[in-house]
Amino acid sequence: MSVPILKQGPNLIASIQSALSDEDLIRLRDNLAAQVGQYRSKGVVVDVSPLDVMDSFAIRTLRDIAHTTKLRGAHTIVVGIQPEVAFAMVQLGLALEGVATALDLEEALSTLGALPGAA
Amino acid sequence: MATLVNGQVRVESQLDATLLQAMGMTEEELAHRKEFLQFDQPDEQNLASISDLAESYADPVIDAFYRHLLSHPESRRFFEDSRVLEHVKRMQRRYFLRLTQGHYDMAYVQDRLNIGAVHERIGLPIKTYLGAYAFYLRLVAQRLSEAFQAKPERAMEIFLSLKKLVYLDMGLAIDTYMFSRERTIGLQQEAIRELSTPVLQVRDRLLILPIIGVIDSSRARQLTVQLLQAIRVNRAKVVVIDITGVAAVDSRVANHLVQTVEATRLMGATSIVTGLSSEVAQTLVTLGVDLGKVFTVGDLQGGIEEAERLLGFRVVADDSGPA
Amino acid sequence: MAVEVAVPVSSDADIIGARTQARQVASALGFTHTATTLIATAVSEVARNIIVHAQRGSVTFERLESNGRHGLRVIARDSGPGIADLARAMEDGYSTAGGLGIGLPGSRRLMDEFVVDTAPGRGTVVSMTKWLS
C-alpha cells in the first residue's frame, strides 16, 4: 500500500489512507526523502488522520521522516493525530518530541506559509 | 453510545449472542446449577412425558395468563399495544412449550438469558416477572391435577420436576437482568461523567478546562480524552487548564497533567496550566516531576490573557463611557 | 462460543491483523474507544516483538472474569531465543540497534497487569490484562 504524495507548490503532502505495514512506512520515509531532494521542497505535511493506532514503529518512522527531510532543508509537520491515539502515545511514552504537529492540513499549510523563506 | 435527550441520559445497550460469553456461563456452571436444584434425568423424563399435554393446554393457559396481566395496571402497561400483545403471546407460547421439550443445554441457556435481557430492556420489574411465573405455575398445577386425576402422586412428581426447571430459568433470567442492569448503569455513569465535565469554549480557538475535585487515574484519563476531542471539534489552538480547584496535586496528578499537556501538543494545541502555586510546583520538581514542558501562569485570568496574546487577540481599553 | 481467540503472527501484515482483532474483541467486551486504542497499541508492540525476535508466534485473546470484574487478557507467545536480561528489557530507553526498544515497558504502561515469562532458549510469553472499569 503506497502512500500518495501530493506536490503543492513548495510543499509535499503525504496522506495516509489506511493502516500501514512496517514496509509501507519505510517506503514512505524513503519516498519523502527522495522527493524533498528532487523538488527542493520547503515543507512536508504527513496526514495520519485515518490511523486509529500508532505504535512505536510508526512513531519512530515519523520522527525519522522529520529528521531526514530536515537534513534536506524541509520542515515537516504531522497532522491529524486522533484524540485516542494522542492519549495512547503519551501513555506509551513516545510523544514525538522535536517533531512539529498541527491539528489538520489547513493549520499545517498556514504554519508553513508563515515560515521565513516560504514562497 | 450515549445521548442526552430531554434531560435524560439514554444508552443503547447491545446484548447479543455474546451474552453467554460475557456472563461467563459455561457447561460447567450449568451442570452446577442443575446439580444444586437436583434436576436430573428422571426430571427430564417427567417433563418429556407431558410434552403433548402441554401442547394441548398451551393456548388456554396463555390466554388466562395474559388476562391476569392485563387486569393489573402495573403489568398492563407493557402490553397495551395490541400488536405487541400478539407478538408477546406467541413468544410466550414458545417459551412455555420449550419447558417440556428436553435438551436443557447451552442453547437452552442462551435462549433464557436473552429473555432476561429483553425484560430488563423493557423495564419489566422482577416482582412482576416472579408474580407472573407464580400465576403460570398455578394454572399448570390445575391442568396437571385434572389430567392425572387417577394418579395424583404422578401429577405431583411432574409438577416438582417442572418447578425445578422453572427455578433454573428464573435464576438465569434474574442473573441476566442484573448483569445488563449493571452494564446499563455503568454506561450511564460514564455518559453522565462525560456530559458533566465542562470544556468551555470562551473564544474562537480557545478552550478552558477548569478541573475541580479529586483526580484519580480514571478521571484523569477521561478528562484528557474529552479535552483532546474538544480540541478537535472546536479546532482549538490554545487550551487553559486550570487546576486551582484540584484537591491534592501530588506527583501522580502532576504526571497526568504533564501527559495531558504533551497530548494536546500532538493535536496542534498549546496548553497553559493555571492555578499551580509556586510552592506546589517546587515540591513537584523535588519529587522528580519534569514540569519543563508545562507552561504555567499563576491564575486563570492571567492564563486567559496569555492565551489571547498567543492567539493574536489584543485587549483594547474601552474609554468611551463610564465603566 | 469461544472465549479465546488466537491469532498466528509470522509476518509484518499479521501485526495489523492482531491489532484489528484486538480492537474487535475489546470493543465487543465493552471497553471504551480509548481503552480499545490502548489495548490495540499494546498488542501491536508485543506482536512486533514476536516478529523481530522470534519470526513467528501467536497472540491470544481471553475473556476474564474475577470477583464480578470483567477483563481481557492478551497472551503473546513465541519460541524464539528468549530475553537474556529481562530487567534491562523492561527499562525505558533500552533501545539499542538490537531493537528491544520501548515495546515491553511501553506495553506495560498501557495495560493494567503485565507478566513476562522468558528465559534464553525457552521462548517468551507476555501476558497482559486490562480490566473494564
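Residues numbered from 1 in each chain as written. Chains lettered and ligands numbered in written order. Predicted model: local features only at pLDDT ≥ 70, side-chain atom pairs only at ≥ 80, totals over all residues. Heavy atoms only, no water.

Participant: Explain the layout of surface pockets here, please?
Facilitator: Gaps between atoms show up when a probe of the same size as a water molecule is rolled over them. All names here are of chain B. A volume near 630 Å³ is recorded for the second largest pocket. Taken together, 25 residues line the second largest pocket, and the ones lying closest to its centre are Val 88, Gln 92, Ile 115, Val 118 and His 119. Here the element with the most residues in the lining of the second largest pocket is helix H6 (residues 82-98); it accounts for eight residues. For the lining of the second largest pocket, the residue count by class is 17 nonpolar, six polar and two charged. (1 Å grid on protein atoms, 1.4 Å probe; cavity = no way out; pocket = protein on both sides within 12 Å on 5 of 7 lines; lining within 4 Å. Points joined across faces, edges and corners; volume = space filled by probe spheres on them. Helix = DSSP H or I, 4+ residues; strand = E, 2+ residues; numbered from the N terminus. Nonpolar A, V, L, I, M, F, W, Y, C, P; charged D, E, K, R; others polar.)

Participant: Is there a simple way to explain unusual backbone geometry in this structure?
Facilitator: It is generally the case that most residues other than glycine have a negative phi and that most peptide bonds are trans. We note that Arg 205 of chain B has phi near 70 degrees; this positive angle belongs to a residue other than glycine. Checked against the element boundaries, Arg 205 of chain B lands in the loop between strand E3 (200-203) and strand E4 (206-213). The buried category is assigned to Arg 205 of chain B, whose relative accessible area is 17%. Although it is not a glycine, Gln 55 of chain C sits at a positive phi angle of roughly 65 degrees. Looking at the secondary structure, you find Gln 55 of chain C in the loop between helix H2 (33-54) and strand E2 (57-66). (Buried < 20%, exposed > 50% of the residue type's maximum accessible area, 1.4 Å probe, protein only.)

Participant: How do you make sense of the interface of chain A and chain C when you look at a structure like this?
Facilitator: The parts lose accessible area when they come together, and the size of an interface is often stated as this lost area. Taken together, the contact pairs 20 residues of chain A with 20 residues of chain C. Summed over both sides, the interface of chain A with chain C buries roughly 1700 Å², with 57% coming from carbon and sulfur. On the chain A side of the contact with chain C, Val 53, Glu 84 and Leu 92 of chain A bury the most area, a combined 32% of that side's loss. Close ionic contact of Arg 19 of chain C with Asp 55 of chain A constitutes a salt bridge, the shortest N to O distance being 3.6 Å. At the level of elements, helix H1 (22-39), helix H2 (56-71) and helix H3 (83-92) of chain A are the ones that each hand at least two residues to the side of chain A that touches chain C. Residues that form the side of chain A that touches chain C fall into these classes: 10 nonpolar, four polar and six charged. (Contact = heavy atoms within 4.5 Å. Buried area = accessible area lost by both parts, 1.4 Å probe. Salt bridge = Lys/Arg side-chain N within 4 Å of Asp/Glu carboxyl O.)

Participant: Teacher, can you tell me more about the nonpolar core here?
Facilitator: Across soluble globular proteins, you tend to see nonpolar side chains buried next to one another. Among the nonpolar cores identified, the biggest contains 100 residues, and Met 54 and Ile 81 of chain A together with Ile 231 of chain B are the most heavily contacted of them. Contacts of Ile 231 of chain B, omitting those with residues within four sequence positions, involve Leu 103 of chain A together with Leu 207, Ala 236, Val 239, Thr 264, Met 267 and Ala 269 of chain B. If you look at the next biggest cluster of nonpolar residues, it comprises 54 residues, including Val 88, Tyr 95, Tyr 133 and Phe 148 of chain B. (Core = buried A, V, L, I, M, F, W, Y, C linked by side-chain atoms within 4.5 Å.)

Participant: Looking at this model, I keep getting lost on the sheet that holds strand E6 (residues 270-274) of chain B. Mind explaining?
Facilitator: In sheet architecture, strand pairing relies on hydrogen bonds along the backbone and comes in two forms, parallel and antiparallel. All names here are of chain B. Strands sit in the order E3-E4-E5-E6-E7 across an open sheet of five strands; the sheet is mixed. Looking at the sheet topology across the chains shown, the edges are occupied by E3 and strand E7 (295-297). With direction set aside, neighbouring strand axes in the sheet form an average angle of 30 degrees. Here seven bridges tie E4 to strand E5 (residues 238-246), and the two strands are oriented parallel to one another. Bridge pairing in E5 places Gly 213 opposite Val 246. Sitting on the sheet, helix H10 (residues 217-234) touches E3, E4 and E5, and the angle it makes with E4 is about 165 degrees. Across the sheet, helix H13 (residues 300-311) lies against E3, E4, E5, E6 and E7, angled at about 175 degrees from E5, the strand it touches most. (Pairing = 2+ DSSP bridges. Axes fitted to C-alpha atoms, helices over the stretch in contact; angles between N-to-C directions.)

Participant: I keep staring at the confidence of the model for chain B and nothing clicks. Help me out?
Facilitator: Parts of the model with low pLDDT should not have their predicted coordinates read in detail. Mean pLDDT over chain B stands at 85; residues scoring 70 or higher make up 90%. Here residues 1-17 of chain B is a poorly scored stretch, pLDDT under 50, and it has 30 contacts once near neighbours within four places are set aside; other chains count. (pLDDT = per-residue confidence, 0-100.)

Participant: Looking at this structure, how should I read the environment of Gly 275 of chain B?
Facilitator: Residue and element names in this part refer to chain B. Position of Gly 275 relative to the elements: it lies in the loop between E6 and helix H12 (278-286). For Gly 275, a relative accessible area of 25% corresponds to the partly exposed category. Separated by 22 residues in sequence, Gly 275 and Val 297 place their C-alpha atoms 7.3 Å apart.

Participant: Whenever I open this one, empty space enclosed by the protein confuses me. Can you help?
Facilitator: Residues and elements named next belong to chain B. What the rule picks out here adds up to seven cavities of 30 Å³ or more. Roughly 130 Å³ of internal volume is contained in the largest cavity. Forming the walls of the largest cavity are 13 residues, and the residues nearest its centre are Ile 211, Ile 215, His 256, Leu 257 and Thr 260. Within the residue set of the lining of the largest cavity, elements represented by two or more residues are E4, H10, E5 and helix H11 (251-266). Counting residues per element, the lining of the largest cavity draws most heavily on H11, which supplies four residues. Class assignment of the residues belonging to the lining of the largest cavity gives a composition of 10 nonpolar, three polar and no charged.

Participant: Help me out: how do you make sense of the packing of aromatic side chains in this one?
Facilitator: For any pair of aromatic rings, the description consists of the separation of the ring centres together with the inter-plane angle of the planes. Across all of its chains, the model carries 11 aromatic pairs over all chains by this definition. For the pair Phe 65 of chain B and Tyr 66 of chain B, a centre-to-centre distance of 5.2 Å together with 90 degrees between the ring planes defines the contact as edge-to-face. Phe 65 of chain B sits in the buried class, given a relative accessible area of 4%. Between Phe 96 of chain B and Tyr 136 of chain B, the ring centres sit 3.6 Å apart and the planes meet at 0 degrees, which makes this aromatic pair stacked. A residue pair is termed long-range when its members are at least 10 positions apart, and Phe 96 of chain B in helix H6 and Tyr 136 of chain B in helix H8 (residues 126-147) qualify at 40 residues. By way of ring pairs, the aromatic residues Phe 65, Tyr 66, Phe 78, Phe 79, Tyr 95, Phe 96, Tyr 129, Tyr 133 and Tyr 136 of chain B are connected into one cluster. Positioned over the ring face of Trp 131 of chain C is Arg 69 of chain C, at 4.3 Å from the centre of the ring. (Phe/Tyr/Trp six-rings, centres within 6.5 Å; stacked < 30°, edge-to-face > 60°. Lys NZ or Arg CZ within 6 Å of the ring centre and 35° of its normal.)

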